[in-house]
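Analysis of the macromolecular model
Here is how the chains run, residue by residue.
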Amino acid sequence: MSERAGTGGPEPGDRGGLAADAVRRMMHVASAIRHRQDVEIAELGLTPAVARALHELDPDRPLPARDLAEQLQCDRSNVTALVDKLEQAGLVQRRVDPADRRQKTLMVTEAGRRMRQRVHDVMSDSRLLAGLTTVEVAALRDLVWKVSDGGCPEEHAAS
């Protein structure tokens, strides 16, 4: 693979090299985003897993823990530990489901709503894109959407 002078990247006609370089750069960006989020989530007093669980909960719709496990794509026993931490922090409450008293639902508390918004703000932080123009951000968003199979990569991963 030949490198373009001064860019450290493949030649414009080298599609395979360009694609490989793009994937490496996306992984670098993803790592930078994850690192920044992890640091800021820790500053909120949460672990990334607990923050993600809180972020997945809808404050206006109580959710059974098993449904949260499905959303997080993890084992129920892991969700139990996450919910225990959320409950200990006063961010969620376990409540008996009025439709099925054998089941408990997770209800986001007022403190949980505020923390969830802070988690959302951290997860939506766009400072990494500050050097881009609005047109560049729009183009990047469109390309990322296209690469992620129109926003539904899981449908294509199963094929």
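Structure: see above.
The paragraphs below set out a description of the structure included in this document. Everything numeric in this text was worked out from a predicted model, so none of it was measured. (Residues numbered from 1 in each chain as written. Predicted model: local features only at pLDDT ≥ 70, side-chain atom pairs only at ≥ 80, totals over all residues. Heavy atoms only, no water.)

Opposite charge on two side chains allows them to pair when their charged atoms are near. Tallying each qualifying case throughout the model produces 11 salt bridges. Between Asp 125 and Arg 127 there is a salt bridge; the shortest N-O distance is 2.5 Å. Via salt bridges that share partners, Asp 21, Arg 24 and Arg 25 belong to a single interconnected network. (Salt bridge = Lys/Arg side-chain N within 4 Å of Asp/Glu carboxyl O.)

Another aspect to go through is the packing of helix H2 (residues 48-56) against helix H3 (residues 65-72). Relative placement of two packed helices is described by the angle separating their axes and the distance separating the axes. At a closest axis distance of 10 Å, the pairing of H2 and H3 adopts a crossing angle of 110 degrees. Considering their axes alone, H2 and H3 lie roughly perpendicular with respect to each other. Of the two possible hands of crossing, H2 and H3 adopt the one that is right-handed. Of the residues in H3, those touching H2 at Arg 52, Ala 53 and Glu 56 are Leu 68, Gln 71 and Leu 72. Taken together, the residues of the contact of H2 with H3 break down into three nonpolar, one polar and two charged. (Axes fitted to C-alpha atoms, helices over the stretch in contact; angles between N-to-C directions. Helix = DSSP H or I, 4+ residues; strand = E, 2+ residues; numbered from the N terminus. Parallel < 35°, antiparallel > 145°, perpendicular 65-115°, else oblique. Left-handed = near helix turned anticlockwise from the far one by under 90°. Contact = heavy atoms within 4.5 Å. Nonpolar A, V, L, I, M, F, W, Y, C, P; charged D, E, K, R; others polar.)

With that out of the way, let us pick up helix H6 (residues 134-147). In this model H6 runs 20 Å from its N-terminal to its C-terminal C-alpha over 14 residues, within 8% of the 20 Å that 1.5 Å per residue would give. Burial within H6 is sparse, with just zero of its 14 residues counted as buried. Positive phi shows up at Asp 149, right after H6, with a value of about 55 degrees. (Expected span 1.5 Å × (residues − 1). Buried < 20%, exposed > 50% of the residue type's maximum accessible area, 1.4 Å probe, protein only.)

Our next topic: the pairing of strand E2 (residues 92-97). Bridge count between E2 and strand E3 (residues 100-108): six bridges; the pairing is antiparallel. The residue bridging Gln 93 from the neighbouring strand is Met 107, located in E3. Taken together, E2 and the strand that follows it, E3, pair antiparallel across an intervening segment of two residues. (Pairing = 2+ DSSP bridges.)

Our next topic: empty space enclosed by the protein. This structure, assessed with the given rule, holds one cavity of 30 Å³ or more. Taken as a whole, the largest cavity encloses approximately 70 Å³ of empty space. Among the elements that make up the lining of the largest cavity, the one with the highest residue count is helix H1 (residues 15-43) (four residues). Partitioning the lining of the largest cavity into residue classes produces three nonpolar, one polar and four charged. (1 Å grid on protein atoms, 1.4 Å probe; cavity = no way out; pocket = protein on both sides within 12 Å on 5 of 7 lines; lining within 4 Å. Points joined across faces, edges and corners; volume = space filled by probe spheres on them.)

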